[in-house]
Structures are given as structure tokens and as C-alpha cells.
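Structural description and commentary
Read off the chains here:
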Amino acid sequence: MWKPDRGSKLPLYQQIADDLEKRIAYGEFPPGSQLPSERKLAEQLGVNRSTVILAYSELRSLGIIESQTGSGTRVSKFKWGATPKHTPNWRRYAEGGSFLPNLAFLRRIREALEQDRTLIDFASGELGADLSPVEEINRLMSENFYTGYLGYDNPQGFVPLRKALVGFLRHYRNIQTTDSSILITSGSQQSLYLITQCLLTPGDAVAIEDPSYCYSLPMFQSAGLRLFRLPVDAKGMRPEDIRTLYKKHRIKMVFINPNFQNPTGAVLDLGRRRELLETAGELGLPLVEDDPFSLTAYDGTPPPPLKSIDTASSVLYVGSFSKIAASGLRVGWMVAPHSVISRLADARQQMDFGLSVIPQRVAAQFLESAYIRPHLDRLRMQLQFKRDLVIEALRRELAGLVTYTAPQGGLHLWCRILPKVHDHKLLEEAIRRGVIFVPGSVYGSDSGYVRFTFARARAEDIGPGIAMFASALRIAIES
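Below is a short write-up of the structure. Model, not experiment: these values are computed from the prediction.

**Focus on the environment of Tyr13**
Relative to the assigned elements, Tyr13 resides in helix H1 (residues 12-25). Taking the relative accessible area as the measure of exposure, Tyr13 reaches 27% and is therefore partly exposed. Among residues more than four places away in sequence, those in contact with Tyr13 are Thr51, Leu54, Ala55 and Glu58.

And the structure:
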């Protein structure tokens, strides 16, 4: 976001007025559209409200904007030669459509992180720069110049990457597959989006773990799907719940994250895994297995994926490069029957004609390089170190106020707050103190749960960040 230059000789209010005038002229704020309130714009720009009042007064004197009591400040409909009948109601269009916006909490978190880069970040579900193999990837790119064709690639994905994944999945996940049964995507979310759009129809019932990362993705509601909950305990979801939902609602598909589940960190019990696959086989139910965290198992022994013991081809297996290496490469994959892969590849080609070849090539080289195993070993060690720092800080700062189970892998620690507290109040208090997290209600749980993601924050910031959260919690409890 643009910020006024405090070192400029031009007054701050004039810089703000000039920037707004330019954005209005460029059509970012069309005639008749509402501008941010004085208070909100002041918070976004990090200036006093009086500075924004001066900027708005400047634009009002030029006839560029107009204000009315009770309706806020709007761009003039007449200054730019437009009348109401000629101006589309862009706000109505923006609020329409079938694809729903992100949850309000997630929009607030994104806005806060954009406005203040100094926030200690326990919200972002990605690896920090200290955990990514930046040097290794740069070395591979400098040693292997790409001289191939830069046109559209195979809609199913870069063939060398799919071949590399065959070996990677066999060696690290005990999944036997061929490159023709792999679809390359831009990440797990695109895989899930393609599944919900292409394999299901509006009105279909699906089962999702409770709590679950899936509840933070409006794509399920956008697709018109009916969501039914599978409660998660310390051993994961209970397969008998699937039979109940199938009898009552005729669910069409089950979405599950069995290894270091997001957000709880739970690992599905081995006996339950077998029962789940038996149940799916009996009912003819597809299982979508999202498996981004398995290779982060702190003891170096990842739990087996469902796909590795699936003898009935019930499982669509979804993986990603994001949680084990670099989210910025935007490389994910899906393993599924070839008929499903062909259908989804065709749909993805309609969206974007395929992914960029260059990051796919980098991912293929990294997966086949000598760098991958040392990187995974280092990643597990560093994640466990950061997890331990979070737990140490929770014991020191919040003894008697929270409960949690230490995860044995993954990036997240799921925390229950014992006193009654309002999620919105707690989040805003935390942001004011310089730390941010994701409220548990984002993932479908009741108010009073928190997901701390410790992969992005620097190790030296974790203790101070939990202390800031503790201060915010005590204020939120009292108010």
C-alpha cells in the first residue's frame, strides 16, 4: 500500500490529496463510489485523522469529492462528466457473483499485515525465509539455464516434474503412481478448487473435519455444496461418523487432512485409517486427502498417507511444495485416476492454459537433487525448535489460561483459551500490541480457540510475540 513520504517537502495532507486525485482519475474510485472514512484512511496511512481531514477538504474544494452527513464521502458524480445513469454500480457488482469473498477475519488479518510489516506473524501458514531452501534453489537456477521453449506447456503439467514426483512420492510417501496419473497445480487450494468445481455439483453434501482449514475457504460455499462436520479428537476423525452422515445426508465426498491436521495437529490413528478406507470402499465414497505436512514429522518418521494403503482407488491425494520448501514457486500436485486427471487438466486449461514452465522445472530439479534430504532434515529440526519456543512462552506467560497439545509435526499449535473471550476483541487487542494470529472460529470451532503458526515468525520474536498476545488476552478477558 502507498504511504506518504515524511521526508518530502510537500505536506502530508497534500501528498494524500494528490494520490487520491490520481487514483480517482485512473478509475480506481469511479464517480459515485464511496471513499474510506477519515478514521480508517488515517489508520491505513499511519497519519493523524486531522491530516486526512485536510486532504479531503482540499479535494472537496476542487469539487472532486462530496460529503453528506450519514452517507460518508464519495467521489463526485459530475466532476468527471458522468451522471448516475451512465455510471455502473460497481459496488453492487463487487458484492455480487457466485464466488464468495474471504471470511471477515481473514480479510482483517491480511489488511493488518499489509499495513504494518512489523507485526509478529503467527497467522501466515507459510515457511519463513529462514526455513526455505533459498540458497539451494538459487544454486540450481544458476547452474541450469533454461533454453527450452517458453510456449504453453502440457495442461497436465511439466512432464519432467511429473516424472520427478513419481520417484519422490514412491521414496518419501510410499505412493506408487505414474506420471499420467499426476496433475500439477498452483498449490493445494487450486487442487481443491478444481475438485469442488468439476467433480461435484451445487447441492451435493460433503463431509469435512471439524475444525478444519477447509472452513476458511469459501470455495465450498461458492460451489453450492452442503458441508457436514466430522469432529476431530486426539486420534483424528471417527470413521463411524461418515456412515451416519452418509445415511442421513447421502454425502458425496469426504475431505480429510490425516497427518498433523490443520489446525489441531492431530494424526489419524492407524486403526481408524484402515476403518476409514474400508468404509469408503463399502459406500463408494471418494476421499480427498490433503497432505501438506507429513514430511515435517519432527522425529523423522512421517505417518503413512492414506493413499499408500488405498487398494480400492478411493483416495484423491493432494500435495504441495509450499509447506516443505517454497510457497512462492506455486507448485502443487494431485494423484488420482487418469479419468479424473484428464477432466481436471481440461478445466485448468480453460482457466490459464497451464502453469509457468520455469518454477515447475526448478521444483523438478530440487526434488531430484542431493539438496532435498538435508533440507527436510534441517526443516524438521528448525520447526521443532520454534514449536518448543512457543510452548515455553505459553507456559511462562499464560499458565492456567490456556490448554494445548504439543504437535509432533506441522507448522501449527492449536490452543484453547479457558476464560470466555470474544474472538474479535482479542484479535484487535493483539494487533494493537504488535502480534497477529488466526482465531479458531475461522476453522469452524467455537469462539475461544487460537491457531498459532510458528513457521513464519523469527525465532527471536516468538517469546515477545506470545507475551504481547498474553497482554492482549488479559485485556480482552477483563473488558
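**Quick word on the pairing of strand S16 (residues 449-453)**
The side chains of a regular strand alternate between both faces of the sheet. Among the five residues in S16, four count as buried, and that is most of the element. With five bridges joining them, strand S13 (residues 412-417) and S16 adopt antiparallel strand pairing. Its bridge partner being in S16, Arg416 is matched across the sheet by Tyr449. Pairing geometry for strand S15 (residues 438-439) and S16, over two bridges, is antiparallel. By the bridge assignment, Pro439 is partnered in S16 with Val450.

**Side note on the environment of Ser37**
On the secondary structure map, Ser37 appears in the loop between H1 and helix H2 (38-45). Along the sequence, Ser37 and Gly463 sit 426 residues apart, while their C-alpha atoms lie 36 Å from each other. Among the polar contacts made by the side chain of Ser37, one reaches the main-chain amide nitrogen of Lys40 at a distance of 3.1 Å.

**Some thoughts on the packing of H2 against helix H3 (residues 49-61)**
It is at 8 Å that the axes of H2 and H3 come closest, and there the two elements cross at 115°. Classified by the angle between their axes, H2 and H3 sit roughly perpendicular to one another. As for how H2 packs across H3, the hand of that crossing is right-handed. Contacts between H2 and H3 pair Glu38, Arg39, Leu41 and Ala42 from the former with Arg49, Val52, Ile53 and Tyr56 from the latter. Among the residues forming the contact of H2 with H3, the class breakdown is five nonpolar, no polar and three charged.

**Quick word on H3**
The end-to-end C-alpha separation of H3 is 18 Å, in line with the 18 Å expected for 13 residues at 1.5 Å each. Thr51, Val52, Ala55, Tyr56 and Leu59 are the residues of H3 that are buried. The buried residues of H3 occupy one face: seen down the axis, they fall within an arc of 135°. In this structure, the buried side of H3 is in contact with H1, H2, strand S1 (65-68) and strand S2 (72-75). Two residues or fewer past H3, Gly63 is found with a positive phi of approximately 80°.

**Some points on the pattern of salt bridges**
Within the structure shown, the criterion is met by 28 salt bridges. When the shortest N-O distance is used, the salt bridge between Asp204 and Lys252 registers 3.1 Å. Separated by 48 residues along the polypeptide, Asp204 in the loop between helix H8 (188-198) and strand S5 (205-210) and Lys252 in the loop between helix H10 (239-249) and strand S8 (253-256) bring together distant segments of the chain. By relative accessible area, which is 10% here, Asp204 ends up buried. What emerges from the salt-bridge pattern is a single network uniting Asp233, Arg238, Asp241 and Arg272.

**Observations concerning the sheet that holds strand S11 (residues 332-335)**
Pairing is mixed in the open sheet, where eight strands are placed in the order S4-S11-S10-S9-S8-S5-S6-S7. Each having just a single partner strand, strand S4 (182-185) and strand S7 (236-237) make up the two edges of the open sheet. Here six bridges tie S5 to strand S6 (residues 226-233), and the two strands are oriented parallel to one another. What sits directly across from Ala205, in S6, is Arg226. Here H8 sits on the sheet and contacts S4, S8, strand S9 (287-290), strand S10 (315-320) and S11; the angle it forms with S10, its principal contact strand, is near 150°.

**Some points on the layout of surface pockets**
Empty space within the largest pocket amounts to approximately 1400 Å³. Lining of the largest pocket is provided by 46 residues; of these, Ala123, Ser124, Gly125, Glu126 and Arg456 occupy positions nearest its centre. Counting only elements with at least two residues in the lining of the largest pocket, the list comes to helix H5 (104-115), strand S3 (120-121) and H8. Taken together, the residues that form the lining of the largest pocket break down as 18 nonpolar, 14 polar and 14 charged.

**A word on the sheet that holds S16**
Pairing is antiparallel across the open sheet formed by four strands, whose spatial order is S12-S13-S16-S15. Strand pairing shows two members of the sheet lacking a second neighbour, strand S12 (402-404) and S15, which therefore form its edges.

**Things to note about the packing of aromatic side chains**
Applying the stated criterion across every chain, the model contains 11 aromatic pairs. Centroid distance Phe122 to Phe452: 5.6 Å. Interplanar angle 80°. Geometry classified as edge-to-face. With Phe122 in the loop between S3 and helix H6 (134-143) and Phe452 in strand S16, this pair connects stretches of sequence that are 330 residues apart. When its relative accessible area of 0% is taken as the criterion, Phe122 is described as buried.

Scoring rules and cut-offs
Residues numbered from 1 in each chain as written. Predicted model: local features only at pLDDT ≥ 70, side-chain atom pairs only at ≥ 80, totals over all residues. Heavy atoms only, no water. Helix = DSSP H or I, 4+ residues; strand = E, 2+ residues; numbered from the N terminus. Buried < 20%, exposed > 50% of the residue type's maximum accessible area, 1.4 Å probe, protein only. Contact = heavy atoms within 4.5 Å. Pairing = 2+ DSSP bridges. Polar contact = N/O pair within 3.5 Å; in protein donor to acceptor, adjacent residues only side chain to side chain. Axes fitted to C-alpha atoms, helices over the stretch in contact; angles between N-to-C directions. Parallel < 35°, antiparallel > 145°, perpendicular 65-115°, else oblique. Left-handed = near helix turned anticlockwise from the far one by under 90°. Nonpolar A, V, L, I, M, F, W, Y, C, P; charged D, E, K, R; others polar. Expected span 1.5 Å × (residues − 1). Arc of directions from axis to C-beta. Salt bridge = Lys/Arg side-chain N within 4 Å of Asp/Glu carboxyl O. 1 Å grid on protein atoms, 1.4 Å probe; cavity = no way out; pocket = protein on both sides within 12 Å on 5 of 7 lines; lining within 4 Å. Points joined across faces, edges and corners; volume = space filled by probe spheres on them. Phe/Tyr/Trp six-rings, centres within 6.5 Å; stacked < 30°, edge-to-face > 60°.

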